[in-house]
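The chain contents come next:
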Amino acid sequence: MRDYKKLDIWKKSHLLTKQVYKEILPLMPIEERYALTNQLRRSVYSIPLNIVEGCGKNTNKDFAHYLDNALGSAHEVEYTCYLICDLEYISQDQYNSINTEINEVKAMLIAFIKFLRDEK
């Protein structure tokens, strides 16, 4: 059993979630409350939640599966933020800032998944 609070990837994804909640979601128009806003909210907190769930698994193979799910959610966040910017709900600077964080989370997830799969 792993302590997720000690994992840098969990810490980084938790910070990303807070950043989206504080900096992006409040800017969304009311008409998007049940569409893009809800989708972004669910996909961003799915990243740390999948890491937490994977920490409770017994094998590295199972843990890597949950990290794969977290990576898929990170890709969803990436595209949703791109669309939100393209629709001009957020500025290009805001998009660039959040996209930098998303890319760091994705890179950390990919590296961790590779590490777990290569470990014998």
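Structure first, text after, so check above.
Residues numbered from 1 in each chain as written. Predicted model: local features only at pLDDT ≥ 70, side-chain atom pairs only at ≥ 80, totals over all residues. Heavy atoms only, no water.

## Remarks on the packing of aromatic side chains
On inspection of all chains with the given rule, the structure shows 5 aromatic pairs. Taken together, a centroid distance of 5.4 Å and an interplanar angle of 90° make the contact between phenylalanine 63 and phenylalanine 112 edge-to-face. With phenylalanine 63 in helix α3 (residues 60–86) and phenylalanine 112 in helix α4 (residues 92–118), the pair connects residues that are 49 residues apart, well separated along the chain. Across this residue pair, the class does not change: phenylalanine 63 and phenylalanine 112 are buried. The exposure class assigned to phenylalanine 112 is buried, which follows from its relative accessible area of 18%. (Phe/Tyr/Trp six-rings, centres within 6.5 Å; stacked < 30°, edge-to-face > 60°. Helix = DSSP H or I, 4+ residues; strand = E, 2+ residues; numbered from the N terminus. Buried < 20%, exposed > 50% of the residue type's maximum accessible area, 1.4 Å probe, protein only.)

## Here's the deal with the packing of helix α1 (residues 8–24) against helix α2 (residues 36–55)
Orientation of α1 relative to α2, taken along the N-to-C sense of each, is 165°, at an axis distance of 9 Å. By the angle between their directions, the pair α1 and α2 is classed as roughly antiparallel. Between α1 and α2 lies a crossing whose hand is left-handed. Of the residues in α2, those touching α1 at Ile9, Trp10, Ser13, His14, Leu16, Thr17, Val20, Tyr21 and Ile24 are Leu40, Arg41, Val44, Tyr45, Ile47, Pro48, Ile51 and Val52. Residue classes in the contact of α1 with α2 are distributed as 13 nonpolar, 3 polar and 1 charged. (Axes fitted to C-alpha atoms, helices over the stretch in contact; angles between N-to-C directions. Parallel < 35°, antiparallel > 145°, perpendicular 65-115°, else oblique. Left-handed = near helix turned anticlockwise from the far one by under 90°. Contact = heavy atoms within 4.5 Å. Nonpolar A, V, L, I, M, F, W, Y, C, P; charged D, E, K, R; others polar.)

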